[in-house]
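Examining the three-dimensional arrangement
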Amino acid sequence: MAGTIDYYDQNAESFIAGTVAVDFHETQEKFLAFLPKKARILDFGCGSGRDTAYFHRKGYLVEAVDGSAKMCESASRYAKIPVRQMLFQDLEERNRYDGIWACSSILHLRLQELKEVMERMLRALRGNGVIYTSFKYGEFEGVRRGRYYTDFTEESFGRFLEAFDGVCITECWVTGDVRQGRGEERWLNLILQKSDIH
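Cut-offs applied
Counting from 1, residues in each chain are numbered in the order their sequence is written. Thresholds applied to this predicted model are a pLDDT of at least 70 for local features of residues and 80 or more for the giving and counting of side-chain atom pairs; totals over whole chains, interfaces and linings are not thresholded and use all residues. To get the side-chain values, all heavy atoms of the structure are used, and hydrogens and water are removed first. What counts as a helix is a DSSP run of H or I of at least four residues, what counts as a strand is a run of E of at least two, and both are numbered from the N terminus. A simple rule labels every residue: compare its accessible area, found with a 1.4 Å probe on the protein chains alone, to the largest value its type can have, and call it buried under 20%, exposed over 50%, or partly exposed in between. Residues are treated as being in contact if the distance between any of their heavy atoms lies within 4.5 Å. Throughout, the arc means that of the directions going from the helix axis to the C-beta atoms. Both site types are read off a 1 Å grid over the protein atoms alone. A 1.4 Å probe that fits but cannot get out defines a cavity, while an open set with protein on both sides within 12 Å along at least five of seven lines defines a pocket; lining residues have an atom within 4 Å of a point. Grid points are joined across faces, edges and corners, and a volume is the space filled by probe spheres set on the points. For this classification, Asp, Glu, Lys and Arg are treated as charged, while Ala, Val, Leu, Ile, Met, Phe, Trp, Tyr, Cys and Pro are nonpolar and the rest, including Gly, are polar. Note on pairing: DSSP must find at least two bridges between two strands before they are called paired. Here a crossover is taken to be right-handed if, once the strands point away from the viewer, the path from the first strand over the helix to the second is traced clockwise. Two rings from Phe, Tyr or Trp (for Trp, the six-membered ring) form a pair when their centres sit within 6.5 Å of each other. Planes less than 30 degrees apart are called stacked, planes more than 60 degrees apart edge-to-face, and all others tilted. Think of a polar contact as two N or O atoms within 3.5 Å of one another; within protein, one of them needs to be a possible hydrogen donor and the other a possible acceptor, and neighboring residues in sequence only count if both atoms come from side chains.

Bringing the environment of Phe152 into the picture now. By the secondary structure assignment, Phe152 is in the loop between strand E7 (147-150) and helix H7 (154-161). Overall, the relative accessible area of 4% leaves Phe152 in the buried class. Residues Phe152 and Phe140, spaced 12 residues apart in sequence, show a C-alpha to C-alpha distance of 7.7 Å. Residues in contact with Phe152, not counting those within four places in the same chain, are Leu111, Leu114, Phe135, Lys136, Tyr137, Gly138, Phe157, Phe160 and Leu188.

Here it is as structure tokens:
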């Protein structure tokens, strides 16, 4: 993970320029449809702060974290709320969030790390809470263009989720990349829901 964080620290400006203005409202609204008004949301790996700002403007209670110090600085300015620097593995909250937004973020974890972090995310969610997350579509695991990736298909993610009790896939869909010139890349999008007895 350290190499991936270094990549974002070193390439923060170009990454933010390519993502901050992307129209992502269809997916954002799909996620929000599962949440009560004034829900508490964790933007888990917030990057440019694009989604943090969107949820904040809509009146939700948003907390945002990122592993990259440069991303935290930029996202704080853009979203106009404090953004905390934190590794995914340091999530300690319990029953705090109605929703966790992990857009193109936890895909940078090795599979074994992802298992631990998913457990932490589920503990941090309230009963019936939801997670939105997305992964590059495929079966690759390793370093690609300076960052570590764990890719999934519908089938491989379904197998991954079998290790966890009290959570199910509520929605699953595949999209092209919304960034300019990247439409040939495919993404697996997932909304997971925790049972209220977990």
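Next comes the rest of the write-up.
Another point: helix H3 (residues 25-32). Residues of H3 that are buried include every one of Thr27, Gln28, Phe31 and Leu32, and no others. Projected down its long axis, H3 carries its buried residues within an arc of 135°, all on one side. At its buried positions, H3 is contacted by strand E1 (40-44), helix H4 (50-57), strand E4 (97-102), strand E5 (125-136), strand E8 (167-176) and strand E9 (186-194).

Right, let's talk about the layout of surface pockets for a bit. The computed volume of the largest pocket comes to approximately 760 Å³. Together, 48 residues line the largest pocket, and Phe15, Arg50, Cys103, Ser104 and Trp187 are the ones closest to its centre. Top contributing element to the lining of the largest pocket by residue count: H3, with four residues. Classifying every residue of the lining of the largest pocket gives 19 nonpolar, 17 polar and 12 charged.

A separate point is the pairing of E1. Each regular strand carries side chains that alternate between the two faces of the sheet. Of all five residues in E1, four are buried, a share of seventy percent or more. Sheet topology places E1 next to strand E2 (residues 61-66); five bridges connect them, and they run parallel. What sits directly across from Phe44, in E2, is Val65. What joins E1 to E2 is H4, and the crossover it makes is right-handed.

Right, let's get into the packing of aromatic side chains. Scanning the model with the defined rule gives 15 aromatic pairs in all. Ring centres 5.6 Å apart and planes at 40° place the aromatic pair Phe135 and Phe157 in the tilted group. Here Phe135 is found in strand E5, whereas its partner Phe157 is found in helix H7, with 22 residues between them in sequence. An identical accessibility class is assigned to Phe135 and Phe157; each is buried. Arranged with centres 5.5 Å apart and planes meeting at 45°, the rings of Phe157 and Phe160 form a pair that is tilted. Highlighted residues: Phe157 and Phe160, both in helix H7, separated by three residues, approximately one helical turn. Neither residue differs from the other here; Phe157 and Phe160 are each classed as buried. A connected cluster of aromatic rings, assembled from ring pairs, spans Phe24, Phe31, Tyr54, Phe55, Trp101, Tyr132 and Trp173.

Mapped onto the secondary structure, Glu154 falls in helix H7. Linking Glu154 and Gly138, residues 16 residues apart in sequence, is a C-alpha distance of 9.1 Å. Those residues in contact with Glu154, other than ones at most four positions away along the chain, are Tyr137, Cys172, Val174 and Leu188. Within polar-contact distance, the side chain of Glu154 engages the side chain of Tyr137 at 2.5 Å.

The values are spatial; any link to function lies outside them.
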